[in-house]
Each structure stands twice: as structure tokens, then as C-alpha cells.
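Here is what each chain is made of, one letter per residue.
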Amino acid sequence: NFLFVAFPIFLIFMKSLSRQTLYDPLTAILSALGAACLMTALNLRNDYTDHLSGLDRIHPQAGSRAIQLGWVTAKSVLNWSYVYLVLGAILGLRALFLYSEVLILLAVFAFLGIVGMTSYKMGFKYRRWSEWTVFWLLGPFLTLGIQLSTGAGFDLESLLLGCLTGWLSVFYVHLKNFEQLLVNDQARFENTITWLGFEKGKRWLVLWWAVFLATVLLYPRFYSPLMWRLIIGGVLLLATVPFVLKLKNLQSSVGSGMKDVFEYGKKLILVTMGLWIIEGLWYL
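A brief look at the structure comes next. Since the model is a prediction, treat every value here as computed from it, not as a measurement. (Residues numbered from 1 in each chain as written. Predicted model: local features only at pLDDT ≥ 70, side-chain atom pairs only at ≥ 80, totals over all residues. Heavy atoms only, no water.)

**Quick notes on the overall build of the chain**
Here is the rule we go by: Counting from the N terminus, the helices are the DSSP runs of H or I reaching at least four residues and the strands are the DSSP runs of E reaching at least two. Classification of residues uses two cut-offs on accessible area relative to the type maximum, computed with a 1.4 Å probe and protein chains only: under 20% is buried, over 50% is exposed, and between them is partly exposed. Contacts were defined at the residue level, with two residues in contact if any of their heavy atoms lie within 4.5 Å. What sets the accessible areas is the Shrake-Rupley method with a 1.4 Å probe; for residues, cover comes only from the shown protein chains.
Of the regular secondary structure elements, the chain holds 15 helices and zero strands. By residue count, 45% of the 284 residues in the chain fall in the buried class. Residue pairs at least 24 apart in sequence account for 75% of intrachain contacts in the chain once pairs closer than 6 positions are excluded. Accessible area for the chain stands at about 14600 Å²; split by element, carbon and sulfur atoms hold 68% of it.

As C-alpha cells, then:
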């Protein structure tokens, strides 16, 4: 999960360095560390709530299993989540004081957090369309927050990068929910995939990835040279074909085929990240 925070931050840093717009590196670095602390706090709290609600018994392979293995107590996990939450907030204070635009992002972020933690016993995790929260928090809010922290102000490319990374993060959420479709459905945990069901869920995954792929192919037209358009577009198009075939050949939600789709989907995500990382380093 940490990759989905580190990757957008990396892209904004590479963009700023290549365009020589990293005017406030100290604030940008502090904000990046703050985002990492907030993600750590979120994951720790997620482990705690999964243990408390009994989700870890239903999904025996999910999560870190740290509490279940006896490495740490549930209370300690909760306490450390508060520590990282406070630390993340402190690290973000400099950007908040220097750049007033960050207040808008913070206000929306706080609203989503409060609603997610108070309106439902499992927060946003098991609610239909809740994946859009992941899109905003790991997408536009994150990239724009780091972009503003560089001192360069708002730009359209940071917003587009956030939309791409947020969409990629939600693709992973859909993949995970699809692989756990049978268990979630039996336990009556609701999310977008369980609502759609097996057949529509397959089509939804293809559609979600197709929209992402189309946007990725369009993005370099404005911000990247022809060479990288051909490399990224060609590799991802070739890698997409086996994924679509694996989904098409799935006959039921039971069996090893579900795991194969999930694992191949993760590889698609890693290949995408890897290509963008190489491109970013190439610019430097």
C-alpha cells in the first residue's frame, strides 16, 4: 500500500526537478514525509479495526497479521496509529502556514476522514462506491498537496497525474475485492464489486483498466516525447492482452483463476509504475 503514496510523490518530485520548479524543497520533503506518516497511521488503524470487527477471521490471508501472530497487541497498534497521525499533521504544518491553498485540501480531507470514521462501523471500506475516496486521497489531493508544497503553485499536469495515480490505486482495490468476491458476498460485506457480481465485475475491471490505459496513452501527447509514448504505450498494450484473456476465461468465483487474475493485475500495476519511474529518472 505504501507504493500508492510514494509513487505519486515521486512523480511530482521528478516533474518539479526536470522543470526546475522545486522552489521550496524543505517544505516539499516535510510534506512528503507527512503523507507517509498519515498513510502509516491509516494502515495501522485499518489493522486494528479489521481485528476488532472480525474481518481477519473471514479473510485469513489479508492484512499484516501482526496482531493475530502475537507480534503486537491491538491496543498498541491503535496507539501507534495516533502517534503517526499527530506526526503527519506536524510535518504538514509548514506547508499549511506558507501556502494557504493547502487549507482547502485539508478541509476536504478532514471532512472525508470524519465521515469515514463516524458514519459507519467499518468506515468507507465496505460501502458501495467508497473507492472514490481512495481515488481522491491517493490521487489529486496527494499530488496537488505536494505540488503546492514545492512553492510552484497549482498546475494542470499535477492534477492529471493525480487522476492517473488515483485511478490506478482504485484499480488495485477493485482487483482485491474481485479476488475476495465469494468470501465478501457470503459475509454480506458490501462494495462495488459485490454489488455488481461476478460477470459484471469482470467487465468492470476491464472497463476500469481500459479508461486508465486510454488516459495514459493520451497523457504523454502533451507532456512527454514521442519515444516514451511508444515505449509506455506499446508495453502496456501488450501486457493488457493476457489480463483481458484471463478475465474472459474465468468461469466462476471459485478456483485458482481468481488468484491468477489478481496476481497478474498487480504485475500490470508494477509494470506501469516501473515505466513511469524509468521515464522520470531519464529526464534527470
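**So, the environment of Leu 78**
Here Leu 78 is to be found in helix α4 (residues 74–91). Judged by relative accessible area, Leu 78 falls into the buried class, the value being 8%. The spacing of Leu 78 and Ala 41 is 37 residues in sequence and 8.7 Å in space, taken between C-alpha atoms. The residues contacting Leu 78, other than those within four sequence positions of it, are Arg 45 and Tyr 48.

**So, the packing of helix α14 (residues 226–249) against helix α15 (residues 256–283)**
Rule in force here: The angle between two axes is taken between their N-to-C directions and runs from 0 to 180 degrees, where each axis is a line fitted to C-alpha atoms and a helix contributes only its stretch in contact. Oblique is the label for every angle not falling under 35 degrees (roughly parallel), over 145 degrees (roughly antiparallel), or within 65 to 115 degrees (roughly perpendicular).
The interhelical angle for the contact between α14 and α15, taken along N-to-C directions, is 175°, at an axis separation of 10 Å. One element, α14, and the other, α15, form an angle in the roughly antiparallel class.

**Here's the deal with the packing of helix α1 (residues 3–18) against helix α8 (residues 140–149)**
The condition that has to hold: Note on convention: near helix rotated counterclockwise from far helix by under a right angle means a left-handed crossing. Clockwise means right-handed. Gly is put with the polar residues, along with every residue not named as nonpolar or charged; the nonpolar set is Ala, Val, Leu, Ile, Met, Phe, Trp, Tyr, Cys and Pro, and the charged set is Asp, Glu, Lys and Arg.
The contact between α1 and α8 brings their axes to 9 Å, and the two run at 40°. Classified by the angle their axes make, α1 and α8 are oblique. In this structure, α1 meets α8 at a crossing whose hand is right-handed. Of α8, the residues touching α1 (which contributes Phe 4, Val 5, Pro 8, Ile 9, Ile 12, Phe 13, Lys 15 and Ser 16) are Leu 142, Thr 143, Ile 146 and Gln 147. Here the contact of α1 with α8 is built from residues that sort into eight nonpolar, three polar and one charged.

**Here's the deal with empty space enclosed by the protein**
Short version of the rule: Cavity means a closed set of points on a 1 Å grid over the protein atoms alone, one where a 1.4 Å probe fits but cannot get out, pocket means an open set with protein on both sides within 12 Å along at least 5 of 7 lines, and lining means a residue has an atom within 4 Å of a point. Grid points are joined across faces, edges and corners, and a volume is the space filled by probe spheres set on the points.
In this structure the tally under the stated criterion is two cavities of 30 Å³ or more. By volume, the largest cavity is sized at about 180 Å³. Around the largest cavity, the lining comprises 14 residues; the ones closest to its centre are Leu 11, Glu 157, Tyr 219, Glu 279 and Tyr 283. Of all the elements in the fold, those that place two or more residues in the lining of the largest cavity are α1, α9 (156–179) and α15. Split into classes, the residues belonging to the lining of the largest cavity amount to seven nonpolar, three polar and four charged.

**As for the pattern of salt bridges**
As a reminder of what qualifies: Every case where a carboxyl oxygen of Asp or Glu lies within 4 Å of a side-chain nitrogen of Lys or Arg is listed as a salt bridge.
Applying the stated criterion across every chain yields a total of five salt bridges. Arg 19 is the partner of Glu 157 in a salt bridge, and the nearest nitrogen-oxygen pair spans 3.2 Å. Placement of the pair is Glu 157 in helix α9 and Arg 19 in the loop between α1 and α2 (25–53), with a sequence separation of 138 residues. For Glu 157, a relative accessible area of 6% corresponds to the buried category. Of the charged contacts in the structure, one is a salt bridge between Glu 199 and Lys 202, with a shortest N-O distance of 3.6 Å. Of the two residues, Glu 199 and Lys 202 are both situated in helix α12 (residues 198–218); the distance of three residues between them amounts to about one turn of the helix. On the basis of relative accessibility, which here comes to 9%, the residue Lys 202 falls in the buried class. A single network of salt bridges, built from pairs that share partners, joins Lys 259, Glu 263 and Lys 266.

**A closer look at the side chain of Ser 31**
Put simply, the test is: Pairs of N or O atoms are called polar contacts if they sit within 3.5 Å, as long as, within protein, a hydrogen donor faces a hydrogen acceptor (for residues adjacent in sequence, only side-chain-to-side-chain pairs).
Structurally, the position occupied by Ser 31 is in helix α2. A polar side-chain atom of Ser 31 sits 2.9 Å from a polar atom in the side chain of Ser 149. Ser 31 has contacts with Leu 91, Ala 95, Ile 146 and Ser 149, leaving out every residue within four places of it along the chain.

**What about unusual backbone geometry?**
If you check the backbone angles, Gln 20 has positive phi at about 55° while not being a glycine. Along the chain, Gln 20 falls in the loop between α1 and α2.

**Quick notes on the packing of aromatic side chains**
For clarity, the threshold we go by: Stacked, edge-to-face and tilted labels apply to pairs of Phe, Tyr and Trp rings (six-membered ring for Trp) whose centres lie within 6.5 Å, assigned for plane angles under 30 degrees, over 60, and everything in between, in that order.
In the structure shown here, the tally under the stated rule is 20 aromatic pairs. Judged by centre distance (6.3 Å) and plane angle (65°), the rings of Phe 212 and Trp 276 are edge-to-face. Of this pair, Phe 212 sits in helix α12 while Trp 276 is found in helix α15, placing the two residues 64 residues apart along the sequence. Exposure remark for Trp 276: the relative accessible area of 6% places this residue in the buried category.

**What to know about α12**
To be explicit about the condition: Expected span of a helix: the number of residues minus one, times 1.5 Å. Directions pointing from the helix axis toward each C-beta atom define the arc.
Between the first and last C-alpha of α12 there are 30 Å, a value that for 21 residues agrees with the 30 Å anticipated at 1.5 Å per step. For α12, the complete set of buried residues consists of Phe 198, Gly 201, Lys 202, Leu 205, Trp 208, Trp 209, Phe 212, Leu 213 and Val 216. Down the axis of α12, the buried set is contained in an arc of 130°. They therefore lie on one face.

**Side note on the side chain of Ser 16**
By secondary structure assignment, the location of Ser 16 is in helix α1. Setting aside residues no more than four positions away along its own chain, Ser 16 makes contact with Thr 21, Leu 22, Gln 147 and Thr 150.

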